[in-house]
Amino acid sequence: MIEFIVSHDGENWIAEKGDLRAEARTLAHLDQEVRRLLEEEGTLRSGAMLEVLMAFDTASIPRWLHQYQQHYFNRILRVHG
């Protein structure tokens, strides 16, 4: 499983993993951008399937909310090459 950290800058969703960065206005488009990045990098090969954990960056949630909400959302994206 590959892990990306997801955040929102007020306009776009952003997924980051080391030097890899994808951004898009919607989560559906972000999924497409992550898939494209993995193909370009050579991680996603033709006929293969990868699971991508997209973990929300909890640092972007106001501190006072942490006691009520340990995470905003986490999701698993399955991409096929």
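Note that the structure is a prediction, hence the values are computed from the model and not measured. Once a new chain begins, its residue numbering starts again from 1 and follows that chain's sequence as written. Per-residue local features are limited, in this predicted model, to residues with pLDDT of at least 70; the limit for side-chain atom pairs, both in listing and counting, is 80 or more; totals at the level of whole chains, interfaces and linings are taken over all residues. Here the side-chain values reflect all heavy atoms present in the structure, with hydrogen atoms and water set aside.

A tally of regular secondary structure across the protein chain gives one helix and five strands. Considered along the principal axes of its C-alpha atoms, the protein chain spans approximately 45 × 25 × 20 Å. Partitioning the contacts of the protein chain with sequence separation of at least 6, the portion at a separation of at least 24 is 47%. Charge centroids of the protein chain, computed over 9 positive and 13 negative side chains, lie 4 Å from each other. By the criteria applied, helices consist of DSSP H or I runs no shorter than four residues and strands consist of E runs no shorter than two, each listed in order from the N terminus. By definition in these notes, contact holds between two residues if any of their heavy atoms fall within 4.5 Å. His residues and chain termini do not enter the charge count, which takes Lys and Arg as positive and Asp and Glu as negative. The atom standing in for a charge is NZ when the residue is Lys, CZ when it is Arg, CG when it is Asp and CD when it is Glu.

This paragraph deals with helix α1 (residues 27-41). An α-helical turn contains 3.6 residues, so any two residues separated by three or four positions project in the same direction. For α1, spanning 15 residues, the distance from its first C-alpha to its last is 21 Å, which sits close to the expected 21 Å at 1.5 Å a residue. Accessible area is worked out with a 1.4 Å probe on protein chains only. A residue is then buried under 20% of its type maximum, exposed over 50%, and partly exposed in between. Along α1, the positions that sit buried rather than exposed are Leu-30, Asp-31, Val-34, Leu-37 and Leu-38. Here the buried residues of α1 occupy an arc of 125° about the axis, which is enough to place them on one side. Seen from the buried face of α1, the exposed residues on the opposite side, beyond 90 degrees, are Gln-32 and Glu-40. Expected helix span is taken as 1.5 Å per residue step, with the number of steps being one fewer than the number of residues. Starting at the helix axis, one direction is taken to each C-beta atom, and the arc is that of these directions.

With 93% of its residues at a pLDDT of at least 70, the protein chain reaches an overall mean of 89. pLDDT measures the predictor's confidence residue by residue and takes values from 0 up to 100. For the protein chain, the element scoring lowest by mean pLDDT is strand β5 (residues 74-80), at 93; strand β3 (residues 20-24) scores highest, at 97.

A few words on the sheet that holds strand β4 (residues 49-56). Strand order across the open sheet formed by five strands is β3-β2-β1-β4-β5, with mixed pairing between neighbours. Edge positions in the open sheet fall to β3 and β5, since each of these has one partner strand only. The average angle at which neighbouring strand axes cross in this sheet is 25°, direction not considered. Strand pairing is assigned whenever DSSP identifies at least 2 bridges connecting the two strands. As judged from the five bridges shared by strand β1 (residues 2-8) and β4, these two strands associate in the parallel manner. In the strand pairing of β4, Val-6 is matched with Phe-56. Axis definition: a line fitted to C-alpha atoms, limited for helices to the stretch in contact. Angles are taken between N-to-C directions and run from 0 to 180 degrees. Lying on the sheet, α1 is in contact with β1, β2 (13-17), β3, β4 and β5; it crosses β3 at an angle near 150°.

As a further point, take the pairing of β1. Sheet topology places β1 next to β2; four bridges connect them, and they run antiparallel. From the neighbouring strand, Ser-7 faces β2, where its bridge partner is Ile-14. In textbook terms, the turn of a hairpin is the stretch between consecutive antiparallel strands, and for β1 and β2 this stretch comprises four residues, one of which, Gly-10, has a positive phi near 95°.

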